[in-house]
Amino acid sequence: MNTVLNVIWLIFAGLWLALGYAVAGIVCCVLIVTIPFGIASFRIAGYALWPFGRTVADKPSAGAWSVVGNVIWLLVAGIWLAIGHIVTAIPLFISIIGIPLGIANLKMIPISLMPLGKDIVPVSRT
């Protein structure tokens, strides 16, 4: 069932979300200082392509710098990304058949708010 949902997600939402996160990652990597944010954007892009069957877990090796980076990310981009996920989830919920896709969209909000110190893992590893 995860594969079917992932293919439907990829067609209707995942490709566009992943493309947006990938562009943000490229911009962040060009601006040298923001490379950690770029790496986080690429990680989220991969998650946005294929979210079903995977989840977000805390990285045990994350330190204080990830907290500082998350505060910066939250103020600069995180809030806007979370609003975007909420706005795009609403039509998915209204369509009834898109409810699982809307749930997946809302499931991405925590990592879009604070991506540093997080890892994407298969559901079976949590």
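Just so it is clear, the model here is predicted, and its values are computed rather than measured.

Draft legend 1. Representation of the overall build of the protein chain within the structure. A tally of helices and strands in the protein chain yields five helices and two strands. Starting at the N terminus and walking to the C terminus, you meet the elements of the protein chain as α-α-β-α-α-α-β. The C-alpha radius of gyration computed for the protein chain amounts to 14 Å, which stays within 12% of the reference 14 Å derived for 126 residues, consistent with globular compactness. In the protein chain, which comprises 126 residues, the share counted as buried stands at 34%. For the protein chain, the exposed surface amounts to about 7,300 Å²; the carbon and sulfur share of it is 80%.

Draft legend 2. Here's a closer look at the layout of surface pockets. A volume near 300 Å³ is recorded for the largest pocket. Along the walls of the largest pocket sit 18 residues, with Ala24, Ser41, Trp73, Ala77 and Leu81 positioned nearest its centre. Counting residues per element, the ones that place at least two in the lining of the largest pocket are helix H1 (2–30), helix H2 (35–49) and helix H3 (64–94). Top element by residues in the lining of the largest pocket is H3. It accounts for eight residues. Broken down by class, the residue content of the lining of the largest pocket amounts to twelve nonpolar, six polar and no charged.

Draft legend 3. Structural view of the packing of H3 against helix H4 (residues 99–107). Packing of H3 against H4 leaves a shortest axis separation of 8 Å and a crossing angle of 170°. For the element pair H3 / H4, the angle class is roughly antiparallel. Contacts between H3 and H4 involve His85, Ile86, Thr88, Ala89, Leu92 and Phe93 from the former and Ile99, Leu101, Gly102, Ile103, Asn105 and Leu106 from the latter.

Draft legend 4. The state of the cysteines, seen in detail. Taken as a whole, this structure holds zero disulfides when the rule is applied. You can see Cys28 has no disulfide; the closest cysteine sulfur is in Cys29, sitting 7.0 Å from it. The buried category is assigned to Cys28, whose relative accessible area is 15%. Owing to a relative accessible area of 28%, Cys29 belongs among the partly exposed residues under this scheme.

Rules behind the numbers
Residues numbered from 1 in each chain as written. Predicted model: local features only at pLDDT ≥ 70, side-chain atom pairs only at ≥ 80, totals over all residues. Heavy atoms only, no water. Helix = DSSP H or I, 4+ residues; strand = E, 2+ residues; numbered from the N terminus. Rg over C-alpha atoms; globule rule 2.2 N^0.38 Å. Buried < 20%, exposed > 50% of the residue type's maximum accessible area, 1.4 Å probe, protein only. Areas by Shrake-Rupley, 256 points an atom, 1.4 Å probe, with all protein chains shown as cover. 1 Å grid on protein atoms, 1.4 Å probe; cavity = no way out; pocket = protein on both sides within 12 Å on 5 of 7 lines; lining within 4 Å. Points joined across faces, edges and corners; volume = space filled by probe spheres on them. Nonpolar A, V, L, I, M, F, W, Y, C, P; charged D, E, K, R; others polar. Axes fitted to C-alpha atoms, helices over the stretch in contact; angles between N-to-C directions. Parallel < 35°, antiparallel > 145°, perpendicular 65-115°, else oblique. Contact = heavy atoms within 4.5 Å. Disulfide = S-S within 2.5 Å.

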